[in-house]
Amino acid sequence: MTPTPIRLTLADLEACFEGVIPSIISTADADGLPNISYLSHVALVDDRHVALSNQFFAKTAANIRLNPHAMLLLVDARNSAQYRLELVFAHTLEAGSLFEHVALQIDASSAQVGMAGIMKLRNLDVFRVVSIEAIPSQVLTAELPQSKRNRLIGAARIAEAIAAETDADGIIDAMLEGLRTEFGFEHGLLLQLYEERNQLITIGSMGYVPSGIGSDIPVDEGVIGAAAAGGRLVKLSDMSRIRRFGAAVRGSSADENRTRAIPLPGMADAMSQIAVPLVAAGSVRGVLFLESRDRIAFTSDDEAALSMIARQAAMALALSEKLSLETEPQRSVPAHPATSEKTVQVVHHRFDDSVFIDGDYVIKGVAGRLLASMLEQHQQSGRLEFTNREIRLDAALKLPDFKDNLETRLLLLRRRLEEKRLPIRLTRLGRGRIGLLIEGRLRLSKDVV
Amino acid sequence: MFGDEIAGFIESPVMQIIGSSNAARRPEIGRAMGAWISTGSDTIDLVTSAWQWPETVANLRENGRIAVTFARPSDYVSYQLKGQATIRPAEPGEVERSSQYIVAIVSTQMRLGMLPELIMPVLSNRDPMLITMCVASVFVQTPGSRAGERIWSTTP
């Protein structure tokens, strides 16, 4: 009747550490009086140790100092198989990389269940694992899905595609397309961090209609903000029980025109989310965000692969920014005489640099200011070509808070104009050179409210 | 004994986990499958599976030291009861009551969006044993500032 024991290792229990199904810990005091409680987070330290977050269970913390033996019950998030782990208390962590990783996960997941701040991590107790045993189940636990395609090979292919690109457009497309074809992820965003406004702005989008290009969120908001603020990956693996605040608001154009804000796209019924910081030269440049309707869609292999890809993209984007200031030799650009006699009405609101074309909200902030500036120069001198170098100089003169990321701001502007199918478009004329297309006669007015 | 509120809570569809320890003070974990206030007595009865949790059954036979935490899946409201227990094989009526609990807890978890195939593997009352527990104290265990607070005790 007893099944042949299989020697289990902590690596076999990966899906028990997703924080999806609560774990249980039992301890006993010096007299052997037991104490039992649920635990919010159990983290894998190495192949012989686990770390438990113990935010408010003072009794458990006291017991293990009097009697270091503990019993832990873990549940596999994929099939609810139960495991019984005999532990011995080793030491406590109050800082360091693992501590910070767990603290960030706790902040992100507790904020989403309406317990922000309550679950503040104070310390992590590290235990040595003495034995692992599977608990029998009366019903067959579901068969585990087959392991995914080799993530290392996939990551190498995506890195190769990113490295072959020369500009921000190509880099972002190569990354998102690679994540779709190599990894099978279908919904994702790339957000750039604009430090001067403490904002993340969507510059790449996959799988969403509308794309949400140009939407922004404050640093610190949700899993994306947490990944940017902490500079660490944040993951949620089962959102089925997460209380949803502010249910998905699907913004229509009419709303955009009124609020002057582009809604961040999102899946109303996402079960898994992952936010991976883009880090280069020691600083966070943005966040890669992916979501899925599957539970536990992102494994620890995915975490490793996505971290590598995000860093590769961050470096490539930073380099393309620098290279974009070197202008390629001029190409012959066919003149674009106004193809239409229609008037294109553009309004630039100075107070927030928002730009409206024929009554449709386009963008605000620095990108809005850049567009207004190009249109102004066109109105004055008929110019239809600009270089990154001169736009950057112009921006630096007129925008005291302008730092960098010109290339990605122009990209966001270009994609936004395309998505809105507006009669004004930007085109790339080669590295560091931008073309302005206006289908009609421009009438630019400034509202100096 | 403790008030009606706690009594009602432990009889409602909440998750039930059992802590015990052996002679060497090694702690153990088990699950209970149904709990109720014993008829005409100031103890509570709980059913557990000797098949899934043989160590828990052995510990309770040996020394009776027990801690049970009841946790409501919808809002994490939790109470821990500590005391002394005796254990014996469950009788048919008790097994029936335990099976009713299993139906109720599966329904509760399904309403919270959990898939039945992920709820069932942790639930079992195979080789059912009846634990009769004399409660000495009750503690709040809901995550938050009151966690660990003793709200009822037989001793001052």
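Residues numbered from 1 in each chain as written. Chains lettered and ligands numbered in written order. Predicted model: local features only at pLDDT ≥ 70, side-chain atom pairs only at ≥ 80, totals over all residues. Heavy atoms only, no water.

### Some details on the pattern of salt bridges
Should their charged atoms come close, side chains of opposite charge can pair. Under the convention used in this document: Each reported salt bridge corresponds to a side-chain nitrogen of Lys or Arg within 4 Å of a carboxyl oxygen of Asp or Glu. Summary of the burial criterion: residues with accessible area below 20% of their type's maximum are buried, those above 50% are exposed, and those between are partly exposed, where the area comes from a 1.4 Å probe applied to protein chains only. The secondary structure listing takes helices from DSSP runs of H or I that are at least 4 residues long and strands from runs of E that are at least 2 residues long, numbered from the N terminus.
Under the counting rule described, the total for this entry stands at 25 salt bridges over all chains. Linking Arg78 of chain A and Asp76 of chain A is a salt bridge whose minimum nitrogen-to-oxygen distance equals 2.9 Å. Under the relative-accessibility criterion, Arg78 of chain A is labelled partly exposed at 31%. Classification of Asp76 of chain A by relative accessible area gives buried; the value is 1%. With a closest N to O distance of 3.6 Å, Glu55 of chain B and Arg84 of chain A form a salt bridge. In this pair, Glu55 of chain B sits in helix 2 (residues 54-62) while Arg84 of chain A sits in strand 6 (residues 82-93), so the two residues belong to two different chains. In the salt-bridge network here, residues are joined through shared partners; they are Arg84 and Glu133 of chain A together with Glu28 and Glu55 of chain B.

### With respect to the confidence of the model for chain A
Note: predicted coordinates in regions of low pLDDT should not be interpreted at a detailed level. Rules: Confidence scores labelled pLDDT are given residue by residue by the predictor and lie between 0 and 100. Contacts are assigned to residue pairs with any non-hydrogen atoms lying within 4.5 Å of each other.
Here chain A averages 85 in pLDDT, while 85% of its residues score no lower than 70. Predicted confidence for residues 243-252 of chain A stays below pLDDT 50, and this span has 18 contacts to residues more than four positions away or in other chains.

### Considerations on the packing of helix 7 (residues 300-323) of chain A against helix 10 (residues 406-419) of chain A
All names here are of chain A. The condition that has to hold: Convention adopted: a line fitted to C-alpha atoms gives each axis, helices being fitted over their contacting stretch, and angles between N-to-C directions are expressed from 0 to 180 degrees. To sort the angles, those under 35 degrees are grouped as roughly parallel, those over 145 as roughly antiparallel, those from 65 to 115 as roughly perpendicular, and the leftovers as oblique. Three residue categories are used. Nonpolar comprises Ala, Val, Leu, Ile, Met, Phe, Trp, Tyr, Cys and Pro, charged comprises Asp, Glu, Lys and Arg, and polar comprises the others, including Gly.
The N-to-C vectors of helix 7 and helix 10 enclose an angle of 95 degrees; their axes lie 8 Å apart at closest approach. Classed by the angle they form, the pair helix 7 and helix 10 counts as roughly perpendicular. Residue-level contacts link Leu317, Ser320 and Glu321 of helix 7 to Leu406, Glu407 and Thr408 of helix 10. Of the residues belonging to the contact of helix 7 with helix 10, the class tally is two nonpolar, two polar and two charged.

### Remarks on the packing of aromatic side chains
The line we're drawing: We call Phe, Tyr and Trp rings a pair once their centres come within 6.5 Å, taking the six-membered ring for Trp, and we label the pair stacked below 30 degrees between planes, edge-to-face above 60, and tilted otherwise. Each ring is checked for a lysine NZ or an arginine CZ that lies within 6 Å of its centre and within 35 degrees of its normal; such an atom marks a charge sitting over the ring.
In this structure the tally under the stated criterion is six aromatic pairs over all chains. Seen from their ring centres, Phe2 of chain B and Trp152 of chain B are 5.6 Å apart, and the 90 degrees between their planes marks the pair as edge-to-face. Of this pair, Phe2 of chain B sits in the segment before helix 1 (4-11) while Trp152 of chain B sits in strand 7 (residues 150-153); the two residues are 150 residues apart in sequence, bridging distant segments of the chain. For Phe2 of chain B, a relative accessible area of 6% gives the class buried. Looking at Trp152 of chain B, the relative accessible area reads 22%, which means it is partly exposed. Pairwise contacts between aromatic rings join Phe183, Phe185 and Phe298 of chain A into one cluster. A cation sits over an aromatic face here: Arg151 of chain A above Phe183 of chain A, 4.2 Å from the ring centre. One residue, Lys82 of chain B, lies across the ring of Phe139 of chain B, its end atom 5.5 Å from the ring centre.

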